[in-house]
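Residue-level listing of the chains:
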Amino acid sequence: MTTLLQLDGISKSFSGINVLDKVNLEMQAGSVIGLAGENGAGKSTLMKIITGVYSKDEGRLRLRGEEKVFNTPRQAMDAGIAIIHQELNLLPELSVAENIFLGREPKGFLGLINQLIMHEKTVQLMQRLNQKISPDQTVGSLSIAQQQMVEIARALSFDADVIIMDEPTDALSERESEILFQVVDDLKSQGKALAYISHRLQEIFKLCNEVAVLRDGSMVHSGATQDIDEDELIRHMVGRTLSEKYPYTAAVPGDTRLRVENIHAPGVNDFSFSARAGEVIGFSGLAGSGRTEFARALYGMTCVSQGVVEIDGTAVSIHTPGDAVSAGVGYVTEDRKGEGLIQDHGLRSNMTLSALSLFQTKYGLIDRRREIDAVHKYIEVFSIKTQSSEMPVAQLSGGNQQKVSIAKTLIPGPRIVILDEPTRGVDVGAKREIYLLIQQLKEQGLCILLMSSDLPEILGISDRIMVVARGHVIAEFTREEADQEKIMHAAIAREEKCI
Ligand SMILES: Nc1ncnc2c1ncn2[C@@H]1O[C@H](COP(=O)(O)OP(=O)(O)OP(=O)(O)O)[C@@H](O)[C@H]1O
Ligand SMILES: [Mg+2]
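Procedures and definitions
- Residues numbered from 1 in each chain as written.
- Chains lettered and ligands numbered in written order.
- Predicted model: local features only at pLDDT ≥ 70, side-chain atom pairs only at ≥ 80, totals over all residues.
- Helix = DSSP H or I, 4+ residues; strand = E, 2+ residues; numbered from the N terminus.
- Rg over C-alpha atoms; globule rule 2.2 N^0.38 Å.
- Buried ≥ 20, exposed ≤ 12 C-beta atoms within 10 Å, placed from the backbone.
- Contact = placed C-beta atoms within 7 Å.
- Core = buried A, V, L, I, M, F, W, Y, C linked by C-beta atoms within 7 Å.
- Pairing = 2+ DSSP bridges.
- Axes fitted to C-alpha atoms, helices over the stretch in contact; angles between N-to-C directions.
- Near = placed C-beta within 6 Å.
- Nonpolar A, V, L, I, M, F, W, Y, C, P; charged D, E, K, R; others polar.
- Domains from an automatic or database assignment.
- Expected span 1.5 Å × (residues − 1).
- Arc of directions from axis to C-beta.

1. Structural notes on the overall build of the protein chain
Secondary structure summary: the protein chain contains 17 helices and 20 strands in total. A globule of 499 residues ought to have a C-alpha radius of gyration of about 23 Å, and the protein chain, at 23 Å, matches this closely. Here the protein chain, with 499 residues, has 45% of them falling under the buried criterion. Taking as baseline every contact in the protein chain between residues at least 6 positions apart, the subset at least 24 positions apart corresponds to 69%.

2. Some points on the nonpolar core
I163, L194, A195 and Y196 are the most contacted members of the largest nonpolar core, which totals 70 residues. Discounting chain neighbours no more than four positions away, the residues touching I163 are A82, A155, L187, K192 and L194. With 68 residues, the next largest nonpolar core counts L258, A265, I406 and A430 among its residues.

3. Some words on the sheet that holds strand β3 (residues 31-36)
Spatial strand order, β6-β7-β8-β3-β9-β10: six strands in an open sheet with mixed pairing. Each edge of the open sheet is held by one strand with a lone partner, namely β6 (81-84) and β10 (218-224). Adjacent strand axes in the sheet meet at a mean angle of 15°, parallel and antiparallel pairs treated alike. Judged from the four bridges that link them, β3 and strand β9 (residues 210-215) form a sheet pairing that is parallel. Bridge pairing in β9 links I33 to E210. Where helix α6 (residues 174-189) meets the sheet, its contacts fall on β3, β7 (162-166) and β8 (193-197), and the angle it forms with β8 comes to roughly 150°.

4. Examining unusual backbone geometry
For R64, which is not glycine, the phi dihedral falls at a positive 45°. Positionally, R64 belongs in the loop between β4 (58-63) and β5 (66-68). Although it is not a glycine, D216 sits at a positive phi angle of roughly 45°. Positionally, D216 belongs in the loop between β9 and β10.

5. As for the sheet that holds strand β19 (residues 464-469)
For sheets, the rule is that strands pair by backbone hydrogen bonds, running either parallel or antiparallel. Pairing is mixed in the open sheet, where six strands are placed in the order β16-β17-β18-β13-β19-β20. Two strands in the sheet have a free side with no partner beyond their single neighbour: β16 (329-332) and β20 (472-478). Averaged over all adjacent pairs, the angle separating strand axes in this sheet is 20°, with direction ignored. Across the face of the sheet, helix α14 (residues 398-410) comes into contact with β16 and β17 (416-420) while running at roughly 175° to β16. Across the sheet, helix α15 (residues 428-443) lies against β13 (280-284), β17 and β18 (447-451), angled at about 145° from β18, the strand it touches most.

6. Some details on the environment of R200
By secondary structure assignment, the location of R200 is in the loop between β8 and α7 (201-207). Assessed through the 17 C-beta atoms surrounding it within 10 Å, R200 is described here as partly exposed.

7. Overview of the pairing of β13
β13 sits mainly inside the fold: five of its five residues count as buried. Alternating residues of β13 divide into V280, G282 and S284 and I281 and F283, and every residue in both groups is buried. Where β13 lies against β18, four bridges are found, and the strand directions are parallel. Residue pairing for β18: G282 is matched across the bridge by L450.

8. Comments concerning the site of ligand 1
Neighbouring ligand 1 are 20 residues; N39, S44, T45, S397 and G399 lie closest to it. Contributions of two or more residues to the shell around ligand 1 are made by α1 (43-50) and α14. Split by residue class, the shell around ligand 1 holds four nonpolar, 13 polar and three charged. Split by domain, the shell around ligand 1 shows at least three residues from each of two domains, domain 1 (3-238) and domain 2 (256-498).

9. Observations concerning α15
For α15, built from 16 residues, the straight-helix expectation of 22 Å at 1.5 Å per residue is met to within 8% by its first-to-last C-alpha distance of 23 Å. All buried positions along α15 are accounted for by V428, A430, K431, I434, Y435, I438 and K442. Seen from one end, α15 has its buried residues packed into an arc of 165°, which puts them on one side. Along α15, the residues that are exposed and aim more than 90 degrees away from the buried face are Q440 and E443. Phi turns positive, to about 95°, at G445, one or two residues after α15.

10. Details of the domain arrangement of the protein chain
Once the domains are mapped, the protein chain shows domain 1 (3-238) and domain 2 (256-498). In this complex, domain 1 contributes 21 residues to the contact, which on the side of domain 2 involves 20 residues. At the level of secondary structure, the elements contributing two or more residues to the side of domain 1 that touches domain 2 comprise α5 (144-157), α6 and α8 (230-238). When its residues are assigned to classes, the side of domain 1 that touches domain 2 shows seven nonpolar, seven polar and seven charged.

11. A short note on α5
For α5, spanning 14 residues, the distance from its first C-alpha to its last is 20 Å, which sits close to the expected 20 Å at 1.5 Å a residue. With respect to burial, α5 is a largely interior element, 12 of its 14 residues being buried. Buried residues belonging to α5 abut β6, α3 (96-101), α4 (115-128), β7 and α6. D159 occupies a position one or two residues after α5 and carries a positive phi of about 55°.

12. Things to note about the pairing of β19
As a general feature of sheets, a regular strand has side chains that alternate between the two faces. Among the six residues in β19, five count as buried, and that is most of the element. Summarising the sheet, β13 and β19 pair through four bridges and their orientation is parallel. By the bridge assignment, I281 is partnered in β19 with R464. Taking the residues between adjacent antiparallel strands as the criterion, β19 and β20 are bridged by two residues, where R470 takes a positive phi near 50°.

If you want it as structure tokens, here you go:
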């Protein structure tokens, strides 16, 4: 095998804290190396060093045997290294084609941008990814999954030899993920060197012939994937063995907490179901099925035009997220960068922003002590890896940002919690913490609405499962009845009938 990229003794600190410690890594032509590790282990930082986003403090990077120093992402790109970043990096107001070719627009006569070529190349990339996305659409009007596809198209457009994918399937449905897997296999057989980061360990086993594990900034394992099983991989990641993946005990449901009857809203079409206190309801469906649109309507982000929403037997009208919070509804959005968190604010202000009144003294001042105690409680419960409660959210690793989003929703003490893809980008250990927390909240009588594209997760922790298609609940299963096949079958049958 030919080594395309070689890292020797890479170290990196942020404000005196060591994040990577003498890391070695090799990427071979025609090989996919999986990079695993807990949230905050240093995976994205290492990839950002390879792609010139961050500079290294120590160590050497060699490309095809030649030592290189990349001071900007552009230099890495020109050397043939492409990356799909974990957090989407697109400009929402520009078109799909403009985003893909930003800074590298094909030029024609008089140095003008050749729109035709840009358009044509974008169409080809979208065909390769099996997407019906027009080159002229603005990126802001696309779903997160589609935006992720644009990000993937951009990385492919470089025709780079070294390609890094940092949790690329995070925002994708099963169907779209399958397309990406095919692309990964194609690139591998074309002799490219790929690095693939994912918390979905099945994907690592499926796609990668090699695997490397980072723990607290050190490379603790690397070798062939066929020589290791999932339990051993987890043990390398977390340094211990984890028991049961989906902790679950049957619910003792109380009275009906939420009744939704025939509601209509943007993307939501005659949506009905009811949920009791102490129940976890899982919502399954293909990307674009309307799960998120329903969540947004219930949380007052879009307008419910018809139908009834009742909470604890009382009809409520929710027009804004503020109304939703007062009615006892909390929402952890799937788009933590766009809607969930204020990136340059610290953890504390993000977590307590929508609940400051809870910490007010009778003179209207904020009781900082109580506020900080609440924040520390969640830092501890979720093992959030941060230097302090004031660290800007942008500097947290992806998975740790997700934990902050969940804490923020729980602090006001909601009765109904909508969790939209709550374990996206979260490592195995922390996933389990989140499941345990869902279990605890359920035992305290909260009603949890779980939207997830991870079917095993839905099956593992829900009491009842609703299948959503075309903005509508089309099938309902009890935990005992449900299995992967029945759910996929229900979702796909409906989609196909409507085409
Ligand atoms: N710009 C920065 N300033 C300060 N600390 C940072 C910065 N970027 C990353 N870190 C810290 O470096 C550590 C490693 O983060 P990194 O994003 O590499 O983790 P990761 O392995 O990709 O995690 P995840 O699985 O959650 O994405 C974290 O503790 C993070 O808070
Ligand atoms: Mg990361």
